[in-house]
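Working through the structure, step by step
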Amino acid sequence: MEPLGIKGAFLVSPRVHGDGRGSFHEWFRADALRERLGHDLRLEQANCSVSARGVLRGVHFADVPPSQSKYITCVRGALLDVAVDLRVGSPTFGRSEAVRLDEANRRCMYLAEGLGHAFLSLEDDTTAIYLVSESYNPSREHGVHPLDPELGIAWPDGMDLVLSDKDAAAPSLAEALAAGILPDYQDCLAYYDKLGTAFS
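Along each chain, residue indices are assigned from 1 in the same order as the chain's sequence is written. Restriction of local features to residues with pLDDT of at least 70 applies here, the model being predicted, together with a cutoff of 80 or more for giving and counting side-chain atom pairs; totals for whole chains, interfaces and linings are based on all residues. Hydrogens and water molecules were not included; the side-chain quantities draw on all heavy atoms of the structure.

The name given to the protein chain in an unreviewed UniProt entry is dTDP-4-keto-6-deoxy-D-glucose epimerase, with the source organism recorded as Actinomadura harenae.

Remarks on the pattern of salt bridges
Here the idea is simple: oppositely charged side chains can pair when their charged atoms come close. Inclusion rule: Definition used for salt bridges: Asp or Glu carboxyl oxygen within 4 Å of a side-chain nitrogen of Lys or Arg. The buried label goes to any residue with under 20% of its type's maximum accessible area, the exposed label to any with over 50%, and the partly exposed label to all in between, with areas taken from a 1.4 Å probe on protein chains only.
With the rule as written, the count across this model stands at 10 salt bridges. Note that Asp19 and Arg21 form a salt bridge whose closest N and O atoms lie 2.7 Å from each other. Asp19 gets classed as partly exposed once you look at its relative accessible area, which sits at 43%. Note that Asp85 and Arg87 form a salt bridge whose closest N and O atoms lie 2.8 Å from each other. Overall, the relative accessible area of 0% leaves Asp85 in the buried class. For Arg87, a relative accessible area of 0% translates into the label buried. The network of salt bridges with shared partners includes Glu26, Arg29 and Asp31.

As for the packing of aromatic side chains
By convention here, two paired aromatic rings are described through the distance between centres and the angle between planes. Quick note on the threshold: Put simply, two rings from Phe, Tyr or Trp (the six-membered ring, in Trp's case) pair if the centres are within 6.5 Å, and we call them stacked under 30 degrees between planes, edge-to-face over 60, tilted for the rest. Put simply, DSSP marks the helices as runs of H or I at least four residues long and the strands as runs of E at least two long, and each gets a number from the N terminus on.
Under the definition given, this model contains three aromatic pairs. Seen from their ring centres, Phe10 and Tyr110 are 6.2 Å apart, and the 50° between their planes marks the pair as tilted. Of this pair, Phe10 sits in strand 2 (residues 9-12) while Tyr110 sits in strand 10 (residues 108-111), and the two are 100 residues apart along the sequence. The buried category is assigned to Phe10, whose relative accessible area is 2%. Between Trp27 and Tyr71 the ring centres are 5.8 Å apart and the planes differ by 40°, which places this aromatic pair in the tilted class.

Observations regarding the sheet that holds strand 7 (residues 70-76)
What counts is decided by this rule: Between any two strands, pairing holds if DSSP finds at least two bridges.
The strand order across the open sheet built from six strands is 1-2-10-7-12-5, with neighbouring strands paired in antiparallel fashion. Of all strands in the sheet, those bounded by a partner on one side alone are strand 1 (2-3) and strand 5 (45-51).

Side note on the sheet that holds strand 9 (residues 96-102)
Short version of the rule: Throughout, an axis means a line fitted to C-alpha atoms (over the contacting stretch in the case of helices), and angles, computed between N-to-C directions, take values from 0 to 180 degrees.
The five strands lie next to each other as 9-8-11-6-13, forming an open sheet whose pairing is antiparallel. Single-partner strands in this sheet number two, and they are strand 9 and strand 13 (141-143). Mean inter-strand twist for the sheet, computed between neighbouring axes without regard to direction, equals 25°.

Examining helix 4 (residues 185-195)
What counts here: For this quantity, the arc is that covered by the directions from the helix axis to the C-beta atoms. Any pair of nitrogen or oxygen atoms within 3.5 Å is treated as a polar contact; in protein, a donor-acceptor pairing is required on top of that, and neighbouring residues in sequence qualify only through side-chain atoms on both sides.
Turning to helix 4, its buried residues number three or more, namely Tyr185, Cys188, Leu189, Tyr191 and Tyr192. Buried residues of helix 4, seen end-on, are gathered within an arc of 160° and therefore sit on one face of the element. Within helix 4, the exposed residues directed more than 90 degrees away from the buried face are Gln186, Asp193 and Lys194. For helix 4, the side-chain oxygen to backbone nitrogen distance between the N-cap and Gln186 is 3.0 Å, and the N-cap itself is Asp184. Note on helix 4: the residue one or two positions beyond its end, Gly196, has a positive phi of about 85°.

What to know about the environment of Leu151
Inclusion rule: Should any heavy atoms of two residues lie within 4.5 Å, those residues are counted as being in contact.
Its place among the elements puts Leu151 in the loop between strand 13 and helix 2 (165-168). Leave out the neighbours within four places in its chain, and Leu151 touches Val59, Val84, Gly94, Ser96, Val144, His145 and Leu173.

Quick notes on the side chain of Glu141
Here is the rule we go by: In this count, Lys and Arg are taken as positive residues and Asp and Glu as negative ones, while His and the chain termini are left out.
Here Glu141 shows up in strand 13. We note that Glu141 is buried and unpaired, the nearest opposite charge coming from Lys70 at a distance of 5.6 Å. Discounting residues that sit within four places of it in the chain, Glu141 has contacts with Phe61, Ala62, Gln68 and Tyr136.

Structural notes on the nonpolar core
What counts here: Residue types Ala, Val, Leu, Ile, Met, Phe, Trp, Tyr and Cys, when buried and joined through side-chain atoms within 4.5 Å, form a set referred to as a nonpolar core.
Ranked by size, the top nonpolar core spans 19 residues in total, and within it Val59, Leu86, Val144 and Trp155 carry the most contacts. Secondary structure elements with two or more residues in this core: strand 6 (56-62), strand 8 (78-85), strand 11 (115-121) and helix 3 (173-179). Not counting chain neighbours up to four residues away, the residues in contact with Trp155 comprise Leu56, Leu80, Val82, Ala118, Leu120, Pro146 and Leu147.

What about the pairing of strand 10?
Taken residue by residue, a regular strand's side chains alternate between the two faces of the sheet. Neither face of strand 10 is left uncovered, since the one carrying Cys108 and Tyr110 and the one carrying Met109 and Leu111 both have all their residues buried. Two elements, strand 2 and strand 10, share four bridges in a ladder whose sense is antiparallel. Of the residues in strand 10, the one forming a bridge with Phe10 is Tyr110. Where strand 7 and strand 10 come together, four bridges link them in antiparallel fashion. Bridged to Lys70 within strand 10 is Leu111.

The structure is reproduced here in structure tokens:
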């Protein structure tokens, strides 16, 4: 489990054991995550998303506290998984980190509360599953437009991108900042401390 360039974002690379029958790997280990984060992942909901090639979901985030931490993997196909630092006052505010998750590398991404999340399906029938620390609450959910140039996300060229109506209508980073809907970095740090988070 290695930290990415944004505090609270981690890449998990499990050991995959393969033979003539297929493969086996542990895609989630509570003890390993606890050791790295300093607290347990509170599991409130598990999501499964199946997407055609070119489907772009996000950038989504929720009010802090409690927001949602997320633990994501790809069990079929391939996706570009993206963490975006939307925490106002963070040293990496506006920065994004993109990682390929697919059925061959079996990697996972962990995102702490307050970070934005998006992913792009790179193949038809790409299936992502993710664990979240809080149940979905539409009144606390927000988005930033994933194609906003200010985010600097390097989406692959040559793909016809498909966004939901909601994501296509999402504000830019500057508009979300002006509207006061983005998480505050100090509020996030206080919440991480309350959880006993080791990386804060």
